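# Coordinates in review
Here is how the chains run, residue by residue.
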Amino acid sequence: MLYATLKVLITSVFVVAVSEAAKRSTFAGAVLASIPLTSVLALIWLYVDTGDREKVASLTQGIFWLVLPSLVFFLALPPLLRRGLDFYASLGISIGLTVVAYFVMAYALRRAGIAV
């Protein structure tokens, strides 16, 4: 339990650091947020927990394929906000479009014989 708490604390510190940096400079916040911190931390925790390099490799490959549909979120949100749509509505629509993109990608990967 202590180990899980430590993982949560370390991960939370990174998320808060990005948020605080973005308050001072959106560029700095964007640079920090664009680093795949969640993925890197997940890979570290998976390796520390299992020592299984194949699981780490498999997770990394899955992350690669699923980053592509996640970009829909970043393409959809700015124009919605700039058109004057409410922030939470824009966020919800962007998340919804991203979920659809994930399903489309999962279908395409299955059709191509790529296991994720």
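Residues numbered from 1 in each chain as written. Predicted model: local features only at pLDDT ≥ 70, side-chain atom pairs only at ≥ 80, totals over all residues. Heavy atoms only, no water.

### With respect to the overall build of the chain
Helix and strand counts for the chain stand at five helices and zero strands. If you list the helices and strands of the chain from N to C, you get α-α-α-α-α. Since a compact globule built from 116 residues should have a radius of gyration of about 13 Å, the 17 Å found for the chain marks it as more spread out than a globular shape. With the principal axes as the frame, the chain shows a C-alpha extent of 50 × 40 × 25 Å. Counting across all 116 residues of the chain, residues that qualify as buried make up 19%. For the chain, contacts bridging at least 24 residues in sequence account for 47% of all contacts bridging at least 6. Counting only carbon and sulfur atoms, one obtains 73% of the accessible surface of the chain, whose full area is about 8,500 Å². If you average the places of the 9 positive and of the 5 negative side-chain charges in the chain, the two averages end up 8 Å apart. (Helix = DSSP H or I, 4+ residues; strand = E, 2+ residues; numbered from the N terminus. Rg over C-alpha atoms; globule rule 2.2 N^0.38 Å. Buried < 20%, exposed > 50% of the residue type's maximum accessible area, 1.4 Å probe, protein only. Contact = heavy atoms within 4.5 Å. Areas by Shrake-Rupley, 256 points an atom, 1.4 Å probe, with all protein chains shown as cover. Lys, Arg positive; Asp, Glu negative; His and termini not counted. Charge placed at Lys NZ, Arg CZ, Asp CG, Glu CD.)

### Side note on the pattern of salt bridges
The full count for this structure, using the stated rule, is three salt bridges. In this structure, the salt-bridge partner of Asp49 is Lys7, at a minimum N-O distance of 2.9 Å. Of this pair, Asp49 sits in helix 3 (residues 37-50) while Lys7 sits in helix 1 (residues 2-24), placing them 42 residues apart in sequence. Residue Lys23 is joined to Glu20 by a salt bridge in which the shortest nitrogen-to-oxygen separation is 3.0 Å. (Salt bridge = Lys/Arg side-chain N within 4 Å of Asp/Glu carboxyl O.)

### Let's talk about the packing of aromatic side chains
A complete count under the given rule lists four aromatic pairs for this structure. Measuring from ring centre to ring centre gives 5.0 Å for Phe64 and Trp65, while their planes differ by 75 degrees; the resulting arrangement is edge-to-face. Their ring planes at 90 degrees and their centres at 5.1 Å tell us that Phe73 and Phe74 sit as a pair that is edge-to-face. On the basis of relative accessibility, which here comes to 56%, the residue Phe74 falls in the exposed class. (Phe/Tyr/Trp six-rings, centres within 6.5 Å; stacked < 30°, edge-to-face > 60°.)

### Here's the deal with the packing of helix 3 against helix 4 (residues 53-82)
Following both chains from N to C, one finds helix 3 and helix 4 inclined at 160 degrees, their axes separated by 9 Å at the closest point. When the axes of helix 3 and helix 4 are compared, the pair comes out roughly antiparallel. Crossing handedness for the pair helix 3 and helix 4: right-handed. Contacts between helix 3 and helix 4 pair Ser39, Ala42, Leu43, Leu46 and Tyr47 from the former with Arg53, Lys55, Val56, Leu59, Thr60 and Ile63 from the latter. Of the residues that constitute the contact of helix 3 with helix 4, the class distribution is seven nonpolar, two polar and two charged. (Axes fitted to C-alpha atoms, helices over the stretch in contact; angles between N-to-C directions. Parallel < 35°, antiparallel > 145°, perpendicular 65-115°, else oblique. Left-handed = near helix turned anticlockwise from the far one by under 90°. Nonpolar A, V, L, I, M, F, W, Y, C, P; charged D, E, K, R; others polar.)

### Some words on the confidence of the model for the chain
Across the chain, the average pLDDT comes to 91, with 100% of residues at 70 or higher. Within the chain, helix 5 (residues 87-112) carries the highest mean pLDDT (96), whereas helix 2 (residues 26-34) carries the lowest (81). (pLDDT = per-residue confidence, 0-100.)

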